[in-house]
Amino acid sequence: MTKKEMNADTPKVERRGRPRKKPGDAKLKKAPQAPKRFKSSYICFSVAKQDEAKEELGPHPRVADVAKRIAEKWKDLGDE
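All of the points below concern the structure found in this document. All values derive from a computational prediction rather than experimental measurement. (Residues numbered from 1 in each chain as written. Predicted model: local features only at pLDDT ≥ 70, side-chain atom pairs only at ≥ 80, totals over all residues. Heavy atoms only, no water.)

Some remarks on the environment of Asp 65
Here is step 1 of the chain: Within the secondary structure layout, Asp 65 lies in helix H3 (residues 63–77).
Here is step 2 of the chain: Among the residues examined, Asp 65 registers a relative accessible area of 29% and is labelled partly exposed.
Here is step 3 of the chain: In this structure the C-alpha to C-alpha distance between Asp 65 and Lys 54, which are 11 residues apart in sequence, comes to 8.9 Å. (Helix = DSSP H or I, 4+ residues; strand = E, 2+ residues; numbered from the N terminus. Buried < 20%, exposed > 50% of the residue type's maximum accessible area, 1.4 Å probe, protein only.)

The structure is reproduced here in structure tokens:
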């Protein structure tokens, strides 16, 4: 059997979910003067404690290790 014959025998199944994007579809651009989302308290905390965590881990810490250390400090912080 050839591929054409095999494809002719198989029933077509309707696709579920979102339709695929076509190459010609344009994406809407966000206005440059539009306000940005606010930073969460965790993001503000992690930016503030990033240098401290890097110093604790020594020279050339991995990004994942720094993130884990910041997450540990966030958990230890409690409901203050």
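Side note on the packing of helix H2 (residues 41–57) against H3
Here is step 1 of the chain: At a minimum axis separation of 8 Å, H2 and H3 run at an interaxial angle of 120 degrees. Between H2 and H3, the angle falls in the class oblique. Classified by chirality, the crossing of H3 by H2 is right-handed. Here Ser 41, Tyr 42, Phe 45, Ser 46, Lys 49, Gln 50, Glu 52, Ala 53, Lys 54, Glu 56 and Leu 57 of H2 come into contact with H3, specifically with Asp 65, Val 66, Ala 67, Arg 69, Ile 70, Ala 71, Lys 73, Trp 74 and Leu 77. (Axes fitted to C-alpha atoms, helices over the stretch in contact; angles between N-to-C directions. Parallel < 35°, antiparallel > 145°, perpendicular 65-115°, else oblique. Left-handed = near helix turned anticlockwise from the far one by under 90°. Contact = heavy atoms within 4.5 Å.)

What about H3?
Here is step 1 of the chain: Taking 1.5 Å per residue as the helical rise, H3 with its 15 residues ought to reach 21 Å, and the 21 Å between its terminal C-alpha atoms agrees with that figure.
Here is step 2 of the chain: Those residues of H3 lying buried are Val 66, Ile 70 and Lys 73. End-on, the buried residues of H3 take up no more than an arc of 60 degrees, which puts them together on one face. Those residues of H3 that are exposed and aimed more than 90 degrees away from the buried face are Lys 68, Lys 75 and Asp 76.
Here is step 3 of the chain: Where the residues of H3 are buried, they touch H2.
Here is step 4 of the chain: Looking one or two places after H3, you find Gly 78, whose phi comes out positive at around 80 degrees. (Expected span 1.5 Å × (residues − 1). Arc of directions from axis to C-beta.)

Some remarks on the packing of aromatic side chains
Here is step 1 of the chain: Under the defined criterion, the tally for this structure stands at two aromatic pairs.
Here is step 2 of the chain: Measuring from centroid to centroid gives 5.2 Å for Tyr 42 and Trp 74, while their planes differ by 80 degrees, and the two rings are edge-to-face. Highlighted residues: Tyr 42 in helix H2 and Trp 74 in helix H3, separated in sequence by 32 residues.
Here is step 3 of the chain: Given the relative accessible area of 30%, Tyr 42 is considered partly exposed. (Phe/Tyr/Trp six-rings, centres within 6.5 Å; stacked < 30°, edge-to-face > 60°.)

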